[in-house]
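Examination of the molecular architecture
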Amino acid sequence: MTTTLDLTEEEVVRTGTGTSDAYERLLARLSHQSVVKHFDAYGDIDWDGEDFAIEGSDARWELGDDDPLGATDWYRSQSQEERAQIGLDVVAAKMKMGLQFESILKRGLLEFASDLPNGFPEFRYAYHEVIEEAQHSLMFQEFVNRSGLDALGLKKIDMWQARRFIAFGRHFPPLFFAFVLGGEDPIDHVQRKALRRGQELHPLLERIMRIHVTEEARHLSFARQYLKNTVVGLGPIRRAILGIGAPLILSGMAQMMMQPSRQVVRIHGIPLRVISEAYRKNPSHKAETRESLRKVRQLWQELGLLRPGYRDVWRALGLIESKGAASHGGRWLRTRATVAAVHGAQCGGRRRRPAGRLLPRTQPRTR
Ligand SMILES: [Fe+2]
Ligand SMILES: [Fe+2]
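Residues numbered from 1 in each chain as written. Chains lettered and ligands numbered in written order. Predicted model: local features only at pLDDT ≥ 70, side-chain atom pairs only at ≥ 80, totals over all residues.

Some thoughts on the overall build of the protein
- A tally of helices and strands in the protein yields 14 helices and zero strands.
- Going from N to C terminus, the protein has its helices and strands arranged as α-α-α-α-α-α-α-α-α-α-α-α-α-α.
- Taken over 367 residues, the protein has a buried fraction of 43%. (Helix = DSSP H or I, 4+ residues; strand = E, 2+ residues; numbered from the N terminus. Buried ≥ 20, exposed ≤ 12 C-beta atoms within 10 Å, placed from the backbone.)

Here it is, written out as structure tokens:
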């Protein structure tokens, strides 16, 4: 088992930034890494090992004080067993959502690869990534199966929205890769933070996170570099779609990836006021969400897609700190503030004044 805290970082273009040679060298390095440093969900995880057994009352599943929900009085007032069970269910539910996201991602990558001319190096790398994501989905589903939670995953409406991004893999890859970053960057941020924290993790979870972080570094590297290479050549309409669409996508994805699922809220009877305290009205959670999207925000800045009109959309969604006003975190296009900001961006960046639940579903738990 891997024990080192030395986490793999993203590969970057080392020399000749922006040249097609440098880009192709990066793709060659990423593809080579996929050959020499890859993992198998069953060959590289000892699922039946004694240390890897999952027990719902194991204190190592408990959420720490640095977790938004774990820091609430409500959570701390629960029994030790209940705190651990909530922590385990939060992890299992996120893995279920993660594999659903990866399902969209794999199909979008296949669409992307299907339209590439012969000889393009992206084809090989995209297939390496599809294979790696398939291994991730196998390990996430195996964890869910062993967790005891019959995890439901995303709501049908959210799955429907996410599925629409598959076609963008072929018709508008930059928007598809914005979606990819929206799902991968927040999870990568959360997993790296957990691994660096130094707190004892359940060994199975640690193993899964280390495998995932190692391979995601390549996926993130590819998505970022692909965007750097292609956005520069886009026309104004496509750039505007990216400038407005990306923050909407990122906001929705980050909220989904960083909050407990509705199912977990319902099963454990977490009061909505606690969810509100932990997430919606919690400035440190909002700051953490912004931090999880820092790299993609910097990329958008670099691509010239954070000019004043577009910046208002980011700010209305709470992805950039508001100046002197409460930021509005939001899912998709739901708040008047966001509508106003999007309209402002569409109107050439003229500033407009921003104006401004968890729906439990019934599902028996199977244990
Ligand atoms: Fe993955
Ligand atoms: Fe990935």
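A short note on helix α4 (residues 121–147)
- The end-to-end C-alpha distance of α4 is 39 Å, a good match for the 39 Å that 27 residues give at a rise of 1.5 Å each.
- Phi for Gly148, located one or two positions after α4, is positive at around 90°. (Expected span 1.5 Å × (residues − 1).)

A look at the environment of Pro174
- On the secondary structure map, Pro174 appears in helix α6 (residues 173–196).
- It is 8.7 Å that separates the C-alpha atoms of Pro174 and Ala223, two residues lying 49 residues apart in sequence.
- With near-sequence residues (within four places) excluded, Pro174 lies in contact with Leu227, Thr230, Val231, Leu234 and Leu242. (Contact = placed C-beta atoms within 7 Å.)

Notes on the packing of α6 against helix α7 (residues 203–231)
- Closest axis-to-axis distance for the α6/α7 pair is 9 Å, and the angle between their directions is 145°. In this structure, the crossing between α6 and α7 has a hand that is left-handed. In this structure, α6 contributes Pro173, Pro174, Phe177, Val180, Leu181, Glu184, Asp185, Asp188, Gln191, Arg192, Ala194 and Leu195 to the contact, and α7 contributes Met209, Arg210, His212, Val213, Glu216, His219, Leu220, Ala223, Tyr226, Leu227, Thr230 and Val231. (Axes fitted to C-alpha atoms, helices over the stretch in contact; angles between N-to-C directions. Left-handed = near helix turned anticlockwise from the far one by under 90°.)

Description of the environment of Phe177
- Mapped onto the secondary structure, Phe177 falls in helix α6.
- Distance in space between the C-alpha atoms of Phe177 and Leu109 is 9.3 Å, their sequence separation being 68 residues.
- The residues contacting Phe177, other than those within four sequence positions of it, are Ala223, Tyr226 and Leu227.

What to know about the confidence of the model for the protein
- The share of residues in the protein with pLDDT of 70 or more is 84%, and the mean pLDDT across the chain is 87.
- In the predicted structure, residues 1–5 sits below a pLDDT of 50 and forms five contacts with residues beyond four places in sequence or in another chain.
- Scored below 50 in pLDDT, residues 347–367 makes 43 contacts in the model with residues more than four places away or belonging to other chains. (pLDDT = per-residue confidence, 0-100.)

Concerning the nonpolar core
- One finds Ala92, Phe177, Ala223 and Leu250 to be the most contacted residues of the largest nonpolar core, which totals 82 residues.
- In terms of residue count, the dominant contributor to this core is helix α3 (residues 80–114) (15 residues).
- Those residues within four positions of Ala223 in sequence are excluded, and the remaining contacts are Phe177, Val180 and Leu181. (Core = buried A, V, L, I, M, F, W, Y, C linked by C-beta atoms within 7 Å.)

Comments concerning α3
- Over its 35 residues, α3 runs 51 Å from end to end, which matches the ideal 51 Å to within 8%, given 1.5 Å per residue.
- With respect to burial, α3 is a largely interior element, 26 of its 35 residues being buried.

Details of the environment of Asp73
- Within the element layout of this structure, Asp73 appears in helix α2 (residues 73–76).
- C-beta crowding within 10 Å serves as the criterion here: with 8 such atoms nearby, Asp73 is assigned to the exposed category.

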